[in-house]
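Each chain, written out:
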Amino acid sequence: MDSYKAATQNFLAKQPEAKQVRGVGWNLNYVLAQAKAAGRSPAQLLDEIVGKDIPAVFITHGHHEVWANTRAMQNADINATTPDPVGAFIDRDSQGNPTGIFREFGAQNLVISTLPQPDFTVAEYKAAILSFQKDLAPQRGVTSVLVPLHYPTDSFLDAIKALDTEGELTVRYDLLQWADETRGTEQIPGFVERRAKYHGKFFKTDSIKFFGTGASSTYGSVVWDQEVLKKTVAALDREKFRIYIHDIGPTSTYNLMLDALEYSQKQNGKRDARHMITHVSDEAIPTIPRFLSLGIRADGHPLPKAFFDTNVQLSSSSDYPVREFYPMTRISAGVQSGIPLSRMLASHTINGAEAIFAENETGSIEVGKAADLVVMSHNLYKLKAEELENAQVLMTMFNGKILYDAQTDHTSKERVTEQPDSHDH
């Protein structure tokens, strides 16, 4: 707790006029244990760190929980009578009073939305995006990313659009608008408007993220009312959006998500929609026949071998920032589990491009496609499975432009240490 206090107060010392504090990366179990040992609520602990004069809201590394101080809860008018939002939870003490821990996005946004500055500015987002891009080419050889948003943020979309216009994007962005489980179909006109407004040479917003199940702390909790989920998925499919569903299990929840996608097909007819469920784990293996019959894509970090042993359309992803995302780490893990290297490489390249309807632009090295490619330090097919993650990026090209060349660029290739496994997008 001393390190949390020191880091926060160091920030405040440099920002004496700050009207709020936002933070990321704390450990939920540690804070809960510290609060219990001290006989205080988590909010009171944060009061001692930040004070009671300005609101503070910190998000966990896994992004499923926030820790708020007393002032932040007061600003949001949250008290013992405040109901839990649909699919989300407010931690409470024995008298029903909120403790300062808010689980899942519906609850988090209660305190975030009432901050003096609920969202970052366009300038702040632009700086963050440019910083993010600097890590991709030299360290990871990444030229395309999928970014799920978890609240409406026109500031972020304005930043992406501006950078695209300015020729500053060095990654292809597939941006997922967030479906609010409390608003159902009423939010769809807004999605349509954003899709029309926010698209460019290297970004698009024609996919929608559904937060299907809660994190490990609320394991097995289904965020959406099933009937609302089915009708919202069907309505979005009718508008030709691609559906992307977060689900960490158990098996029953994968079936609920597949039920919604099946309902959509019955209402609208089957099309080349490329809908996807992500965070697919071993608990989804019994549902493989349904993935196949419905034509639903599966995504994981990596997926269980059983999915690679079938004809399920699939891809591999990172779950960044919950997990570090050097692709070769995931590829190595998959090969060590018995998945052929060729399948693992495809799951990170052409399969991912197909998942977002970009296979005619990128995903493989072919005449007529954009030259998005990576040169590695070794012939991967000559390495042992456990050696694959040690292969380094020597060159990264994006749209025919060299972004990184190890012979001329002295940027450090040291990778960030792997973070503990968690779940989210």
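Residues numbered from 1 in each chain as written. Predicted model: local features only at pLDDT ≥ 70, side-chain atom pairs only at ≥ 80, totals over all residues. Heavy atoms only, no water.

> Looking at this structure, how should I read the pattern of salt bridges?
A side chain of one charge can pair with a side chain of the opposite charge when the charged atoms of the two come close. According to the stated counting rule, one finds 19 salt bridges in the structure shown. As a salt-bridge pair, aspartate 259 and arginine 290 come within 2.9 Å of each other at their nearest N and O atoms. Separated by 31 residues along the polypeptide, aspartate 259 in helix α10 (residues 251–268) and arginine 290 in helix α11 (residues 288–294) bring together distant segments of the chain. Among the salt bridges present, the one from glutamate 354 reaches arginine 297, with a minimum N-O distance of 3.8 Å. With glutamate 354 in helix α15 (residues 350–355) and arginine 297 in strand β11 (residues 297–300), this pair connects stretches of sequence that are 57 residues apart. A relative accessible area of 28% means that glutamate 354 is categorised as partly exposed. The structure contains a network of salt bridges with shared partners spanning Asp259, Glu262, Lys266 and Arg290. (Salt bridge = Lys/Arg side-chain N within 4 Å of Asp/Glu carboxyl O. Helix = DSSP H or I, 4+ residues; strand = E, 2+ residues; numbered from the N terminus. Buried < 20%, exposed > 50% of the residue type's maximum accessible area, 1.4 Å probe, protein only.)

> What is the right way to look at the packing of helix α6 (residues 122–140) against helix α7 (residues 154–165) in this model?
A pair of packed helices is characterised by two quantities: the angle between their axes and the separation of those axes. Between α6 and α7, the shortest axis-to-axis distance is 8 Å and the interhelical angle comes to 60°. Accordingly, the angle class assigned to the pair α6 and α7 is oblique. At the point where α6 passes α7, the crossing takes the right-handed sense. Across the interface between the two elements, Val122, Tyr125, Lys126, Ile129 and Leu130 of α6 pack against Ser155, Phe156, Asp158, Ala159, Ile160, Ala162 and Leu163 of α7. (Axes fitted to C-alpha atoms, helices over the stretch in contact; angles between N-to-C directions. Parallel < 35°, antiparallel > 145°, perpendicular 65-115°, else oblique. Left-handed = near helix turned anticlockwise from the far one by under 90°. Contact = heavy atoms within 4.5 Å.)

> Explanation requested: unusual backbone geometry in the structure shown.
Note: most residues except glycine have negative phi, and most peptide bonds are trans. In this model, glycine 249 is joined to proline 250 through a cis peptide bond whose omega is 10°. Looking at where proline 250 falls in the secondary structure, it is placed in the loop between β9 (242–246) and α10. Cis peptide bonds are those with omega within 30 degrees of zero, and the linkage from histidine 301 to proline 302 qualifies with 0°. On the secondary structure map, proline 302 appears in the loop between β11 and α12 (305–308).

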